[in-house]
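# Structural overview
Here is how the chains run, residue by residue.
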Amino acid sequence: MPKAGKTSRIVVVGTGAVGSSFAYACFIKGLCHELILIDANEEKAKGDAMDLNHGLPFAGSAMTIRTGDYSDCEDADIVVLTAGANQAPGETRLDLVEKNTRIFESIIDSVMKSGFNGIFIVATNPVDVLSYVTWKYSGLPSERVIGSGTILDTARFRYLLGQAYQVDTRNVHAYIIGEHGDTELPVWSLTDIGRRSIDQYLAEGKGPSKQELDDLFVQVRDAAYHIIQAKGATFYGIGMGLVRLTQALLEDENSIHTVSCLARGEYGLKDVYIGLPAILNQDGVREVVELRLNEEETRKLHHSADVISQVIRRG
């Protein structure tokens, strides 16, 4: 729950599969006092608000849930952006750039006209590019514009490693960084299971082989394609991930998450939003955590940043 004595407000822009999944997870967690839903399809937003409100008798805490408009963003602590075109089967996240950039121009303009001065969380793909777009269009400090980045990729990575080593995923320490997309990379050199490195397991012949670990990463990288092929979209995992980021911000946690944030010299990168471990608190991104990557990981991260930068420059 939010801190006592402060009324917290979250506005969700876009109540499609991701937005409604986030709203539901937010409701279950009792994460804020006011949850406001905005969508171009006003009837859809009204239906979601009604449906959620009917669950209040079963909830653990009181919450005001309603539809609204962009004027409601003025007093919002966090605006979560999930609106935009979805990734179709066979389409990459970067294929969505032009249409979703146009949508975001209008949305961000409307949000900022309200007098909003909180934190943006961007979930719409391509999330790294659209986080950069949100920062530029909004005029807010970069620490208050945060993309969901590789939080879901990292969660998938930890889950599959936990399955492979038969260890609770909460005892798996691992990151996926870079683009939320085809050029993302695992930080194998710093991955450990219960404080024992992957290299130790490999040297002792315990657990998956090197090839099996490489295949595991491919499963992580391509997970969205398989889910989209099977059911049309991914939304439960990212909905939970967005709630985790929101909680870290509202509760001033100073916890570390692999979000899309502005690189300002860290890892030798500049003027690009990209998935990196960062400390989050009530002010947004407190700082980017610089890991000691090996040479191959550094090269792959720079390649990933170059891909994102090229897309931003084309836009």
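Computed from a prediction, not measured in an experiment: that's the story for all the values here. (Residues numbered from 1 in each chain as written. Predicted model: local features only at pLDDT ≥ 70, side-chain atom pairs only at ≥ 80, totals over all residues. Heavy atoms only, no water.)

## Describing the overall build of the protein chain
Test applied: Helix and strand definitions follow DSSP, with helices as H or I runs of at least four residues and strands as E runs of at least two, each counted in order from the N terminus. Between the two quantities, the radius of gyration covers C-alpha atoms and the globule rule is 2.2 Å times the number of residues to the power 0.38. For every residue, the accessible area (1.4 Å probe, protein chains only) is compared with the maximum for its type, and the residue is labelled buried under 20%, exposed over 50%, or partly exposed between those bounds. Per-residue accessibility takes into account occlusion by the displayed protein chains alone, with areas from the Shrake-Rupley method and a 1.4 Å probe.
Along the protein chain, the regular secondary structure elements total ten helices and 14 strands. Taken over C-alpha atoms, the radius of gyration comes to 19 Å for the protein chain, in line with the 20 Å a tight globule of 315 residues would show. On the principal axes, the C-alpha backbone points of the protein chain span a range of 55 × 45 × 40 Å. When each of the 315 residues of the protein chain is scored for burial, the buried share is 54%. Accessible surface, the protein chain: about 14400 Å² in total, of which carbon and sulfur atoms supply 49%.

## Focus: unusual backbone geometry
Each neighbour pair has its own omega, and for asparagine 125 with proline 126 the value is 0°, a cis peptide bond. By the element assignment, proline 126 lies in the loop between strand E5 (119-122) and helix H4 (127-138). One non-glycine residue, aspartate 252, lies in positive phi territory at about 55°. Assignment of secondary structure puts aspartate 252 in the loop between helix H9 (236-250) and strand E12 (255-264). On the basis of relative accessible area, aspartate 252 is assigned to the partly exposed category, the value being 23%. For aspartate 271, which is not a glycine, the phi torsion comes out positive at approximately 55°. Among the structural elements, aspartate 271 can be located in strand E13 (residues 270-281).

## Structural notes on the sheet that holds strand E7 (residues 172-173)
The criterion, for reference: Only strands joined by at least two bridges in the DSSP assignment are considered to pair.
With antiparallel pairing, the three strands of this open sheet are ordered in space as E7-E10-E11. At either margin of the open sheet sits one strand with a lone partner, and together these are E7 and strand E11 (196-197). By the bridge criterion, two bridges tie strand E10 (residues 192-193) to E11 in an arrangement that is antiparallel. The residue bridging isoleucine 193 from the neighbouring strand is arginine 196, located in E11.

## Comments concerning the packing of aromatic side chains
The geometry of an aromatic ring pair is captured by the separation of the ring centres together with the interplanar angle, meaning the angle of the planes. Definition in use: Here the aromatic set is Phe, Tyr and Trp, taking the six-membered ring for Trp, and pairing holds for ring centres within 6.5 Å; pairs whose planes are under 30 degrees apart are stacked, those over 60 apart are edge-to-face, and all others are tilted.
As enumerated under the stated definition, the model contains seven aromatic pairs in all. Relative to tyrosine 273, the ring of tyrosine 132 lies with its centre 6.4 Å away and its plane at 85°, an arrangement referred to as edge-to-face. One end of the pair, tyrosine 132, is in helix H4; the other, tyrosine 273, is in strand E13, and 141 residues separate them in sequence. Tyrosine 273 matches tyrosine 132 in its accessibility class, with the two residues each being buried. With a centroid separation of 5.1 Å and an interplanar angle of 75°, the aromatic rings of phenylalanine 157 and tryptophan 188 are classed as edge-to-face. Here the residue phenylalanine 157 occupies a position in helix H5 (residues 151-165), and tryptophan 188 occupies one in the loop between strand E9 (185-186) and E10, the gap between them amounting to 31 residues.

## Section: the pairing of E5
Of the two faces of E5, both are covered, the one formed by Ile119 and Ile121 as well as the one formed by Phe120 and Val122. Relative to E5, strand E4 (residues 78-81) runs parallel, the two sharing four bridges. Its bridge partner lying in E5, valine 80 is registered against isoleucine 121. Relative to strand E6 (residues 145-147), E5 runs parallel, the two being bridged by three bridges. From the neighbouring strand, isoleucine 121 faces E6, where its bridge partner is isoleucine 146.

## Focus: the UniProt feature "modified residue: Phosphotyrosine" (unreviewed entry) in the protein chain
For the record, the criterion: UniProt positions are given in the numbering used here, feature names are shortened, and annotations may be inferred rather than shown by experiment.
Under the local residue numbering, the UniProt record ascribes the feature "modified residue: Phosphotyrosine" (unreviewed entry) to Tyr225. Under the relative-accessibility criterion, tyrosine 225 is labelled partly exposed at 23%.

## Here's the deal with helix H3 (residues 97-113)
Quick reminder of the rule: Between the first and last residue of a helix there are one fewer steps than residues, each counted as 1.5 Å, and that sum is the expected span.
Between its terminal C-alpha atoms H3 stretches 24 Å, which fits the 24 Å expected from 17 residues at 1.5 Å a residue. Where H3 is concerned, the buried positions are Val97, Asn100, Thr101, Phe104, Ile107, Ile108 and Val111. Looking at the residues trailing H3, positive phi occurs at glycine 115, about 95°.

## Describing the packing of helix H1 (residues 17-29) against H9
To keep things clear, this is the line we draw: Fitting a line to C-alpha atoms yields each axis, with helices limited to the stretch in contact; the angle taken between N-to-C directions then spans 0 to 180 degrees. Convention used here: angles under 35 degrees read as roughly parallel, angles over 145 as roughly antiparallel, angles from 65 to 115 as roughly perpendicular, and any remaining angle as oblique. By convention, the crossing between two helices is left-handed when the near helix turns anticlockwise from the far helix through less than a right angle, and right-handed when the turn is clockwise. Two residues qualify as a contact provided that any one of their heavy atoms is within 4.5 Å of a heavy atom in the partner residue.
One way to put it is that H1 packs onto H9 with a least axis distance of 8 Å and a crossing angle of 50°. Overall, the two elements H1 and H9 adopt an arrangement that is oblique. For the crossing formed where H1 meets H9, the hand is right-handed. Residue-level contacts link Val18, Ser21, Phe22, Ala25, Cys26 and Lys29 of H1 to Tyr236, Ile238, Gly239, Met240, Leu242, Val243, Thr246 and Gln247 of H9.

## Considering the packing of H5 against helix H7 (residues 210-221)
Here is the rule: Gly falls in the polar group here, along with every residue not listed as nonpolar (Ala, Val, Leu, Ile, Met, Phe, Trp, Tyr, Cys, Pro) or charged (Asp, Glu, Lys, Arg).
With their axes 9 Å apart at the nearest point, H5 and H7 run at an angle of 140° to one another. On the basis of the axis angle, H5 is oblique to H7. Considering only the axes of H5 and H7, their crossing is right-handed. Where H5 approaches H7, its residues Asp153, Arg156, Phe157, Leu160, Leu161, Ala164 and Tyr165 are matched on the opposing element by Leu213, Leu216, Gln219 and Val220. Considering only residue class, the contact of H5 with H7 consists of eight nonpolar, one polar and two charged.

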